[in-house]
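Understanding the architecture of this molecule
Here are the chains, one letter per residue:
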Amino acid sequence: MQPSIVTLLSEDEPAPVVIDHPDGASDFFFVCDHAGRRMPRRLGQLGVSDAEMERHIAYDIGAASVAVRLADAFDATLIRQIYSRLVIDCNRDPSVPSSIPEISETTPIPGNVGLTDAEREARRVALFQPYHAAITAALDARAARPTAFVAVHSFTPVYKGEVRPWHAGVLYNRDARLSLLLKRLLLEEGDLVVGDNEPYFVNDLTDYSIPVHAERRALPYLELEIRQDLIANEAGQAGWAARLIRLLPKVWTEFRAAS
C-alpha cells in the first residue's frame, strides 16, 4: 500500500512549520526553507546514513539559529520548515526533479528512487503545502504594511570537491536592490569575501520562495547565503546574527530613502 496523504506524518510528530513572532512589528519578514533535518517516521532515513544526515545535504546548517536570533532581535516574523530537504525541498517547485532528489551532491538517496505520483503528492501535501500556505497567509495579513522579505540559507564550503571562497553570498532574480545594498555593507566590513549571485543564483526553475512569495507580490527581498563552517556552532551563529542585526536596518533605511 502506498503511503497516504493523511498518514505521512503521524499525529504525534511535529508539524512542519514553526512560526516565530507571528505578530511581529518589524518590517522584516524572514523565512528559512531548510531549517531542519527531521524525517517523517514512516520514511525512516530514506536509506541515508546518520553521518550523511549531519551534512548540508539534509538541511542548511546553522541557518535556523541565525534566523531565530534575527527574528528575536527585530521582533520580526520568521517562518521555518523543520523537515529535511531530502524528503521534499521547500525551495523548489514540486514539479521539478530536484524537488525530491535521488542523488544529493554525490550521495544516493535510495528512499527517493522510483516514487509513485501518490508518494510524491503525499510529501507535497504534508510538508511543502503547509509551509507555503503559512507564508502566504502571513503575507496576506500584512499586505498593507511595508515588508522586506528575507530568506536565510547556508552553503557548504566545499561542493563536489570545489572549494568555495565566499564567506557569504547575496542572491536575487529580478530585483537586486536589497541584495546589492547588503553586499556593499558586507564588503565594507573589510574581512569578507561576498558572492554576487554566488554560490547560487535565483531563478524560477531552481527556487520557489523568492519568485512566488516576494516577486509575485513585488516585495523587496534578499536571499542571504552564509558559509556553513562559519555558523556551525553557537559562537559563529551569534557573531553572524550580531553582524546582520547591525547591517540589515541600514539596508532597509537606504532602500526606503531611495524608493
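In case you missed it, the structure is sitting above this.
This section reports on the structure supplied with the text. None of the values given here were measured: they were computed from a predicted structure. Residue numbers here run from 1 along each chain, matching the order of that chain's written sequence. Since the coordinates come from a predicted model, pLDDT governs what is reported: local features require at least 70, and pairs of side-chain atoms require 80 or more to be given and counted, while whole-chain, interface and lining totals use all residues. Based on all heavy atoms of the structure, the side-chain values leave hydrogens and waters out of the count.

Another point: helix α6 (residues 234–258). Working definition: helices are DSSP H or I runs of at least four residues, strands are E runs of at least two. Numbering for both runs from the N terminus. Every helix has an expected span of 1.5 Å times one less than the residues it contains. Taking 1.5 Å per residue, 25 residues should reach 36 Å; α6 reaches 36 Å between its end C-alpha atoms and fits that length. Bend, in this description, refers to the angle at a residue between axes fitted to the seven residues ending there and the seven starting there. Where α6 bends most, the angle comes to about 25°, and this point is Ile 245, followed within four residues by the proline Pro 249. Only protein chains enter the accessibility calculation, which uses a 1.4 Å probe. A residue is then buried if its area is under 20% of the maximum for its type, exposed if over 50%, and partly exposed in between. Within the sequence span of α6, burial applies to Gly 236, Gln 237, Trp 240, Ala 241, Arg 243, Leu 244, Leu 247, Leu 248, Val 251, Trp 252 and Phe 255. Taken together, the buried residues of α6 touch β2 (28–32), α2 (63–74), β6 (148–155), β9 (168–171), α4 (177–188) and β11 (221–227). Contact between two residues is taken to exist if any of their heavy atoms lie within 4.5 Å; hydrogens are not considered.

Before going further, it helps to spend a moment on the pattern of salt bridges. The rule for a salt bridge is simple: a side-chain nitrogen of Lys or Arg has to be within 4 Å of a carboxyl oxygen of Asp or Glu. Here the structure, examined in full by the defined rule, presents 21 salt bridges. In this structure, the salt-bridge partner of Arg 92 is Asp 89, at a minimum N-O distance of 4.0 Å. Taking relative accessible area as the criterion, Asp 89 reaches 5% and is therefore assigned buried. Residues participating in the shared-partner salt-bridge network are Glu 189, Asp 191, Arg 243 and Arg 246.

Our focus in this paragraph is α2. An ideal rise of 1.5 Å per residue puts 16 Å on twelve residues; α2 measures up with 17 Å between its terminal C-alpha atoms. Where α2 is buried, its residues contact β2, β3 (77–81), β6, β11 and α6. At the exit of α2 stands Asp 75, carrying a positive phi of roughly 50°.

For β3, a buried count of five out of five residues is recorded, marking the element as mostly surrounded by other parts of the structure. Neither face of β3 is exposed, since Thr 77, Ile 79 and Gln 81 on one face and Leu 78 and Arg 80 on the opposite face are all buried. Relative to β3, strand β1 (residues 17–20) runs antiparallel, the two sharing four bridges. In the strand pairing of β3, Val 18 is matched with Arg 80. Bridge analysis of β2 against β3 gives four bridges, and the strand direction is parallel. Each residue of the ladder has a partner; that of Val 31, found in β3, is Ile 79. For two strands to be treated as a pair, DSSP must find no fewer than two bridges joining them.

Okay, the packing of aromatic side chains next. A pair of aromatic rings is counted whenever rings of Phe, Tyr or Trp (Trp by its six-membered ring) have centres within 6.5 Å, and the orientation is called stacked for planes under 30 degrees apart, edge-to-face for over 60 and tilted otherwise. Evaluation of the coordinates by the stated rule reveals seven aromatic pairs. Ring geometry for Phe 29 versus Phe 149: centroids 5.8 Å apart, planes at 25°, classification stacked. Taken together, the residues span a long stretch of sequence, with Phe 29 in strand β2 and Phe 149 in strand β6 at a distance of 120 residues. The exposure class assigned to Phe 29 is buried, which follows from its relative accessible area of 0%. A ring pair is formed by Phe 30 and Phe 74, whose centres lie 6.4 Å apart and whose planes are at 10°; its orientation type is stacked. Of this pair, Phe 30 sits in strand β2 while Phe 74 sits in helix α2; the two residues are 44 residues apart in sequence, bridging distant segments of the chain. According to the relative accessible area criterion, Phe 30 is buried, its value standing at 0%. Pairwise contacts between aromatic rings join Phe 28, Phe 30, Phe 74, Trp 252 and Phe 255 into one cluster. For the cation-ring pair, Arg 243 lies above Trp 240, with the distance from its terminal atom to the ring centre recorded as 4.9 Å. Only when the NZ of Lys or the CZ of Arg is both within 6 Å of the ring centre and within 35 degrees of the ring normal is a charge said to sit over the ring.

A cavity, in this analysis, means grid points on a 1 Å lattice covering only the protein atoms where a 1.4 Å probe fits yet has no way out; a pocket is instead an open set bounded by protein on both sides within 12 Å along at least five of seven lines, and a residue lines either one if it has an atom within 4 Å of a point. Grid points are joined across faces, edges and corners, and a volume is the space filled by probe spheres set on the points. Reported here for the largest pocket is a volume of approximately 610 Å³. Along the walls of the largest pocket sit 29 residues, with Arg 85, Asp 89, Arg 92, Tyr 159 and Tyr 200 positioned nearest its centre. When residues of the lining of the largest pocket are traced back to their parent elements, those giving at least two are β4 (103–104), β6 and β11. In terms of residue count, the dominant contributor to the lining of the largest pocket is β6 (three residues). Note on residue categories: nonpolar means Ala, Val, Leu, Ile, Met, Phe, Trp, Tyr, Cys or Pro, charged means Asp, Glu, Lys or Arg, and polar means any other residue, Gly included. Taken together, the residues that form the lining of the largest pocket break down as ten nonpolar, ten polar and nine charged.

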